[in-house]
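# Chain and residue survey
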Amino acid sequence: MTTFYKEFQKVLLSVDCIIFGFDNNKLKVLIGRRQMDPGRGEWSLYGGFVRNDESLDEAANRTLNELTGLHEIYMRQVGAFGTVDRDPGERVVSVAYYALINVKDYDEKLLKEHGVEWVEVEKVPTMYSDHNAMILKARKMMQQKIKTEPISFQLLPQLFTLTQLQRLYEAVNGEEVDKRNFRKRIKEMDFIEKTELIDKVSSKRGAALYRFNKKMYKEDPNFKL
């Protein structure tokens, strides 16, 4: 360590991860009971302190991997939260990140191991410190991003029905969309491909399965929904 900046007060830096998933037509977030003081037992996001040898993104990626066991997760920074009294233990500034995963890719054993659970965003309880504000801001960012980037496919299985895609958009935005107009717009997008496969599990009559073509998307710079 150097001897510089000795005259200044040191501040702790942490990351908090808002992990969104889509299940049973509901947008959900992964939360658990805080396992340390202060605030032990309160509902909380999963996070950790930034180490001296890692960047903010590296700290967030490490934290996400510890919780989910997954790599190369879609992740975006939400912003810094630094109210002076946000943490009663020490002066802590937290940088929040939101991540999108397919719930089915998440090993349920890790839920028990880390003491976390999926909770509908509309039913999130009062949480530790400013974690409710983090979730609210992250969702607003998602609502803007989903209009211009195909982030929805991070939350869906590789093969999906148009109904699943529609329900996802409705869950993220918190409002219904017009089915006819939505499907018309989707079918105009070449990078959403219709396959020859049929879903006979969630649809009694059988619904066509679609997939997202990343290569074709890169060739369509005018995506907007």
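One can find the structure itself at the top, above this paragraph.
These numbers were taken from a predicted model, which means no experiment stands behind them.

Parameters and conventions
- Residues numbered from 1 in each chain as written.
- Predicted model: local features only at pLDDT ≥ 70, side-chain atom pairs only at ≥ 80, totals over all residues.
- Heavy atoms only, no water.
- Helix = DSSP H or I, 4+ residues; strand = E, 2+ residues; numbered from the N terminus.
- Expected span 1.5 Å × (residues − 1).
- Buried < 20%, exposed > 50% of the residue type's maximum accessible area, 1.4 Å probe, protein only.
- Phe/Tyr/Trp six-rings, centres within 6.5 Å; stacked < 30°, edge-to-face > 60°.
- Lys NZ or Arg CZ within 6 Å of the ring centre and 35° of its normal.
- Axes fitted to C-alpha atoms, helices over the stretch in contact; angles between N-to-C directions.
- Parallel < 35°, antiparallel > 145°, perpendicular 65-115°, else oblique.
- Left-handed = near helix turned anticlockwise from the far one by under 90°.
- Contact = heavy atoms within 4.5 Å.
- Nonpolar A, V, L, I, M, F, W, Y, C, P; charged D, E, K, R; others polar.
- Salt bridge = Lys/Arg side-chain N within 4 Å of Asp/Glu carboxyl O.
- Polar contact = N/O pair within 3.5 Å; in protein donor to acceptor, adjacent residues only side chain to side chain.

### Focus on helix α1 (residues 56–68)
- In this model α1 runs 18 Å from its N-terminal to its C-terminal C-alpha over 13 residues, within 8% of the 18 Å that 1.5 Å per residue would give.
- All of the buried residues along α1 are A59, A60, R62, T63, L64, L67 and T68.
- G69 lies just past α1 and shows a positive phi near 75 degrees.

### Some points on the packing of aromatic side chains
- Overall, the coordinates contain ten aromatic pairs when judged by the stated rule.
- A ring pair is formed by F20 and Y98, whose centres lie 6.3 Å apart and whose planes are at 65 degrees; its orientation type is edge-to-face. Taken together, the residues span a long stretch of sequence, with F20 in strand β1 (residues 12–23) and Y98 in strand β6 (residues 92–100) at a distance of 78 residues.
- Take F20: its relative accessible area is 0%, and that puts it in the buried class.
- The exposure class assigned to Y98 is buried, which follows from its relative accessible area of 1%.
- Members of the aromatic cluster, connected to one another through ring pairs, are F153, F160, F191, F212 and Y217.
- Over the ring of Y128 we find R34, and its NZ or CZ is 4.0 Å from the ring centre.

### A few points about the packing of helix α4 (residues 162–173) against helix α5 (residues 179–187)
- The N-to-C vectors of α4 and α5 enclose an angle of 110 degrees; their axes lie 11 Å apart at closest approach. Put simply, α4 runs roughly perpendicular to α5. Where α4 crosses over α5, the two elements pack in a sense that is right-handed. Contacts between α4 and α5 pair L162, T163, L165, Q166 and Y169 from the former with K179, F182, R183, I186 and K187 from the latter.
- For the contact of α4 with α5, the per-class residue count stands at five nonpolar, two polar and three charged.

### Things to note about the pattern of salt bridges
- What the rule picks out here adds up to twelve salt bridges.
- Where D23 meets K28, a salt bridge forms, and the shortest distance between an N and an O atom there is 3.7 Å.
- Salt-bridge contacts for R86 lead to D130; the nearest nitrogen and oxygen are separated by 2.8 Å. With a gap of 44 residues between them, R86 in the loop between β5 (74–81) and β6 and D130 in the loop between β7 (116–120) and α3 (131–145) connect regions that are remote in the sequence.

### Points about the environment of H71
- Tracing the chain through its elements places H71 in the loop between α1 and β5.
- Residues H71 and E176, 105 residues apart in the sequence, show an inter-C-alpha distance of 33 Å.
- Reaching out from H71, the side chain makes a polar contact with the side chain of N65 at a distance of 3.5 Å.

Geometric descriptors of this kind do not, in isolation, establish any biological role.
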